Amino acid sequence: MVPIATVRENNSAITGLYGSGLVGVFVGGTSGIGESTARAFIRSTHASRAYLVGRDQARASQIIGELQQMKPDAQITFIKSDVSLLREVDEACRTIQQNEDKVNILFLSPGTGTMKGRDETAEGLDKKLSLHYYSRMRFIANLLPQLQKAGAATTADGNRPALSRVVSVLEAGHEAALQLDDLPLQTHYSLRNCAKHATTMTSVSMEHLAAAYPQVSFVHSFPGLVRTRLDRDFGTVTKCALAALMVLAKPWEMPLGESGERHLFAATGLRFPARGSGQNGGRGVAQGSDGDAGSGELMRQYRAEGVRDLIWKHTVDVFAAVRGG
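Residues numbered from 1 in each chain as written. Predicted model: local features only at pLDDT ≥ 70, side-chain atom pairs only at ≥ 80, totals over all residues. Heavy atoms only, no water.

The protein is annotated in an unreviewed UniProt entry as NAD(P)-binding protein from Aspergillus fijiensis CBS 313.89.

In structure tokens:
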């Protein structure tokens, strides 16, 4: 595990390394790991601009008020959006693009805790799979021009590195075999299949994008055991059972604030370079809860078999079917 002292040293040096005026987009930024990472970003940067994308206007107003008291030079904007719907993802991205020509950090952590079966949105996608995979990839696809511009940027003296990074928080390292003939899980749906499809398709797509866009680095993160608000949609019995499990797991729990610091490290640390030497010239990293990168035999198999191109084509085809492109 990366020592927390190393994480904090990195975070305290962000402005010196990359300069001021960084732009961060935090999807799921009004609760949980998204909120804690956005708070760490504002604390650790100078004259930065942050966009919090979520559904909770009241919570967003509270967060923004607290952060602007702490850092008056920061600009923090809330974008109200139900990002389980791709049309609302597109609207959120248009708002960002109207104001920004570059985005340094795209941080993706929207999700839902549910014990339901397949729960289709108005766009015909399962809500959980959409939040954990399709909508996140739509944010990436839409904001690639801004991410690429940030990745190509250099300072006047050329001494500072560029920063352009996507971090998706899910379950890196827990990839499992996909139903390749039913990627949207129309007929093979279960919560377990949903989790493994979102996780594995994220890792595969991150590698595809890293190869295609070497100016941008892509990190798929597994946060470990962190207490968030994902249980807010559970019933009373399930909430009580989960609370009991969290008590038993307390020795392994990571405080939410520390998780935010560690994810800011993942979003800015030089160990995840914007111009890396990864597979086919890009940089795609699967990062565990201990802050270390890794990959598994399944991912090596999927690379060899060309599955990442198949997954990305499926993803783009879903975008076309739902949004016309």
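Some points on the side chain of T200
Using the following cut-off: Helix and strand definitions here come from DSSP, where helices need a minimum of 4 consecutive H or I residues and strands a minimum of 2 consecutive E residues; each element is numbered from the N-terminal end. Only protein chains enter the area calculation, which uses a 1.4 Å probe; residues under 20% of their type maximum are buried, those over 50% are exposed, and those in between are partly exposed. N or O atoms closer than or at 3.5 Å make up a polar contact, with two conditions inside protein: a donor-capable atom paired with an acceptor-capable one, and, for residues adjacent in sequence, both atoms drawn from side chains. By definition in these notes, contact holds between two residues if any of their heavy atoms fall within 4.5 Å.
Structurally, the position occupied by T200 is in helix α7 (residues 191-212). You can call T200 buried: its relative accessible area is 0%. Separated by 2.9 Å, the side chain of T200 and the backbone nitrogen of A176 make a polar contact. Apart from the residues within four sequence positions on either side, T200 is in contact with E175, A176, L178, L298 and Y302.

With respect to the pairing of strand β5 (residues 165-169)
Note the cut-off: Two strands pair if DSSP finds at least two bridges between them. Seen with its strands pointing away from the viewer, a crossover is right-handed if its path from the first strand over the helix to the second goes clockwise.
Counting buried positions over the five residues of β5 gives five, a clear majority of the element. Both faces of β5 are covered, namely the face carrying R165, V167 and V169 and the face carrying V166 and S168. Sheet topology places strand β4 (residues 105-108) next to β5; four bridges connect them, and they run parallel. Bridging from a neighbouring strand, F107 pairs with V167 of β5. With five bridges joining them, β5 and strand β6 (residues 217-221) adopt parallel strand pairing. Its bridge partner being in β6, V166 is matched across the sheet by F218. After leaving β5, the chain enters α7 and then returns to the sheet as β6, a path that is right-handed.

Re the pattern of salt bridges
Quick reminder of the rule: Salt bridges are counted wherever a side-chain nitrogen of Lys or Arg sits within 4 Å of a carboxyl oxygen of Asp or Glu.
Counted under the stated rule, the structure contains 15 salt bridges. Between D317 and K313 there is a salt bridge whose closest N-O contact spans 2.8 Å. Residue D317 and its partner K313 are located together in helix α11 (residues 307-323), separated by four residues, close to a single helical turn. Judged by its relative accessible area of 37%, D317 is partly exposed.

A word on helix α5 (residues 86-99)
So the rule is basically this: Here the expected span of a helix is defined as 1.5 Å times the quantity of residues minus one. Of all possible arcs, the one meant is that of the directions from the helix axis to the C-beta atoms.
In this model α5 runs 20 Å from its N-terminal to its C-terminal C-alpha over 14 residues, within 8% of the 20 Å that 1.5 Å per residue would give. Burial in α5 covers these residues: L86, V89, D90, A92, C93 and I96. Each buried residue of α5 sits inside an arc of 165° when the element is viewed along its axis, so together they form one side. Of the residues in α5, the exposed ones pointing more than 90 degrees away from the buried face are Q98 and N99. Buried residues along α5 sit against β1 (23-27), β2 (49-54), β3 (75-80), α6 (127-152) and α11.

Overview of the side chain of K128
The line we're drawing: All tallies of charge rest on Lys and Arg as positive and Asp and Glu as negative; His and the ends of each chain are not included.
With respect to the element layout, K128 can be found in helix α6. Despite being buried, K128 has no salt bridge partner; D126 is the closest side chain of opposite charge, sitting 7.6 Å away. Not counting residues within four places of it along the chain, the set of residues in contact with K128 comprises T112, T114, Y189, L191 and C194.

What to know about the packing of helix α3 (residues 32-44) against helix α9 (residues 256-268)
Convention followed: Only the contacting stretch of a helix is used when fitting its axis, a line to C-alpha atoms as for every element, and angles between N-to-C directions run 0 to 180 degrees. Left-handed is the label given to a crossing in which the near helix is rotated counterclockwise from the far helix by less than a right angle, and right-handed is the label when the rotation is clockwise. Polar here means any residue other than Ala, Val, Leu, Ile, Met, Phe, Trp, Tyr, Cys and Pro, which are nonpolar, and Asp, Glu, Lys and Arg, which are charged; Gly is therefore polar.
Running from N to C, α3 and α9 point in directions that differ by 65°, and their axes come no closer than 8 Å. In this structure, α3 meets α9 at a crossing whose hand is right-handed. Residues G32, I33, S36, T37, A40, F41, R43 and S44 of α3 form the contact with α9, whose participating residues are L256, S259, G260, E261, H263 and L264. Considering only residue class, the contact of α3 with α9 consists of five nonpolar, seven polar and two charged.

Overview of the packing of aromatic side chains
Test applied: Any pair of Phe, Tyr and Trp rings, taking the six-membered ring for Trp, is counted once the centres come within 6.5 Å. Such a pair is stacked with planes under 30 degrees apart, edge-to-face with planes over 60 apart, and tilted for the rest. A positively charged side chain is recorded as over a ring if its NZ (Lys) or CZ (Arg) lies within 6 Å of the ring centre. The angle to the ring normal must also be within 35 degrees.
By the definition in use, this model includes three aromatic pairs. With 6.0 Å between their ring centres and 40° between their planes, F26 and F107 make a pair best called tilted. Taken together, the residues span a long stretch of sequence, with F26 in strand β1 and F107 in strand β4 at a distance of 81 residues. Note on accessibility: F26 and F107 belong to one class, buried. Ring plane angle 70° and centroid distance 5.1 Å describe the contact between Y133 and Y134, whose orientation is recorded as edge-to-face. Taken together, the ring pairs connect F26, F41 and F107 into an aromatic cluster. A cation over an aromatic ring shows up here: R138 above the ring of F319, its NZ or CZ 4.9 Å from the ring centre.

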